[in-house]
Amino acid sequence: MLRNSIIFTLEDIAKYPFSKDAVEYIRSIDITLRDLDEYLREQIFEKSYRRVASAIEEKRIVSRQRAYLEPRIDIENLDIEILSFPVAILLVKLMDDPLLASRYSIAESKRAAAFLKRENDEKIIYLATTTFNWNVSLNSDITSRYKAYAFMIDFPSYLKNVPEYSPKWKLVNRILYKGNVLLTKQDLVRLMEEAIKDRILQQVLKRQNFQLPEDAAAKWVNKIEEKWKKYRSRISLRKPVKLSEDAYPPCIVSLIEDVKAGKNISHAGRFVLAAFLINIGMSPDEVLEIFKSSPDFNESIARYQIEHIAGLRGSRIRYSPFKCENMKSYGLCRYDDVLCKGIKHPLQFYYKRASRRRYGDKIHEN
Ligand code: SF4
């Protein structure tokens with residue numbers, strides 16, 4: 001495949017199976033799993049299963065030969081490699097669990113990012129423009145001061161894909177050039193990793209007609225279910241059964257006090273408070289109730305924002321509050337010499353204290 005002097009090979013399609021070229025390629029071969037002989041079909045299912053199992057166990061997609069730390073593609077069986085991606089998406093979809101969908105999307109996005117880091121600049125730009133419609137280009141007109149910034153991207157594409165709320169990604173800390181944001185290769189790959197994760201998650205969550213032969217898929221769905229059960233229960237265990245207000249960290253207590261006192265708290269403060277409460281198990285309605293004392297409270301806007309943070313809207317990703325380091329840079333940390341010692345994240349503070357409290361309760365009962 002030759003477009004704009006970029007050669008996008010079948011190997012590239014296997015590396016980036018979410019790309020526009022991959023979608024076109026799969027459409028062009030026009031086969032369904034029912035058309036394939038049983039042996040080939042089982043090989044595709046097996047490979048798809050390994051993708052999902054690896055995401056569950058390793059939080060990344062690793063090759064069968066685990067000696068390789070970097071992801072690899074099976075060049076002997078490129079079509080199996082390529083078709084295993086849409087089939088894996090359908091298997092995850094059949095599991096109908098947003099947590100698994102998120103885990104799988106993250107693992108696939110990390111796999112793609114590992115490949116992207118090794119690509120030349122032109123191919124990275126090709127993928128970003130054709131697959132995500134970003135306005136990215138090579139930064140050819142730079143002074144030696146900005147030599148490390150090989151790429152530039154327009155504001156909307158940048159803002160839409162900022163991977164985390166940390167000082168590094170805030171516009172005030174970026175170099176702006178002719179209306180664009182300058183990026184290093186590492187920055188651009190990180191932005192793309194985020195966009196890939198969102199794209200895959202959307203594919204898993206999107207309504208569509210199943211094209212998997214359900215009889216053949218059942219065995220693989222059961223295998224995934226078996227594996228996921230173990231990890232799922234460990235993740236669920238991290239949540240305390242009951243909300244423990246006395247386990248809130250000082251930063252959150254301070255934000256709640258400010259909201260209750262009718263003080264106007266910053267955008268970052270609202271985000272942190274809502275994300276914290278959602279993550280410890282409060283419903284959006286309960287969080288909304290807390291924000292009702294805000295001086296500029298607008299129920300529909302607040303509900304939209306809280307539901308967005310809870311992953312019920314937009315990207316369908318549940319956001320987490322900032323880690324302590326970033327809380328400090330936003331001026332939101334209320335460090336307590338005793339309570340916050342060794343704490344790196346407000347949720348870590350909460351889970352630690354809440355579980356200690358539960359453990360203490362049990363000792364008491366005995
Ligand atoms: S150290 Fe962390 S948990 Fe403690 S107040 Fe600061 S941000 Fe909150």
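Going by the structure above, here's the rest.
The rules behind the values
Residues numbered from 1 in each chain as written. Predicted model: local features only at pLDDT ≥ 70, side-chain atom pairs only at ≥ 80, totals over all residues. Heavy atoms only, no water. Axes fitted to C-alpha atoms, helices over the stretch in contact; angles between N-to-C directions. Helix = DSSP H or I, 4+ residues; strand = E, 2+ residues; numbered from the N terminus. Parallel < 35°, antiparallel > 145°, perpendicular 65-115°, else oblique. Left-handed = near helix turned anticlockwise from the far one by under 90°. Contact = heavy atoms within 4.5 Å. Nonpolar A, V, L, I, M, F, W, Y, C, P; charged D, E, K, R; others polar. Buried < 20%, exposed > 50% of the residue type's maximum accessible area, 1.4 Å probe, protein only. Pairing = 2+ DSSP bridges.

### Focus on the packing of helix H4 (residues 78-95) against helix H8 (residues 185-205)
Interhelical geometry of H4 versus H8 gives an angle of 60° and a closest axis separation of 8 Å. Looking at the two axes, H4 sits oblique to H8. Viewed along their axes, H4 and H8 form a crossing whose handedness is right-handed. Mapping the contact onto sequence places Phe85, Ile89, Val92 and Lys93 in H4 and Ile200, Gln203, Val204 and Leu205 in H8. Considering only residue class, the contact of H4 with H8 consists of 6 nonpolar, 1 polar and 1 charged.

### Quick look at the packing of helix H11 (residues 267-279) against helix H12 (residues 284-291)
In the contact formed by H11 and H12, the axes pass within 9 Å of each other and the chain directions differ by 145°. Crossing geometry of H11 relative to H12 is assigned as right-handed. Side by side, H11 and H12 meet where Arg270, Leu273, Ala274, Leu277 and Ile278 of the first sit next to Pro284, Val287, Ile290 and Phe291 of the second. Across the contact of H11 with H12, the residue classes tally to 8 nonpolar, no polar and 1 charged.

### Observations concerning the pairing of strand E4 (residues 151-154)
Strand residues, when the strand is regular, have side chains that alternate between the two faces of the sheet. By the alternation rule, side chains of E4 split into Phe151 and Ile153 and Met152 and Asp154, which are all buried. Looking at chain direction, strand E3 (residues 136-138) and E4 are connected through 3 bridges and run antiparallel. Looking across to E4, one finds that valine 136 is bridged to isoleucine 153. The pairing of E4 with strand E6 (residues 180-183) spans 4 bridges and is classified as antiparallel. Of the residues in E6, the one forming a bridge with aspartate 154 is asparagine 180.

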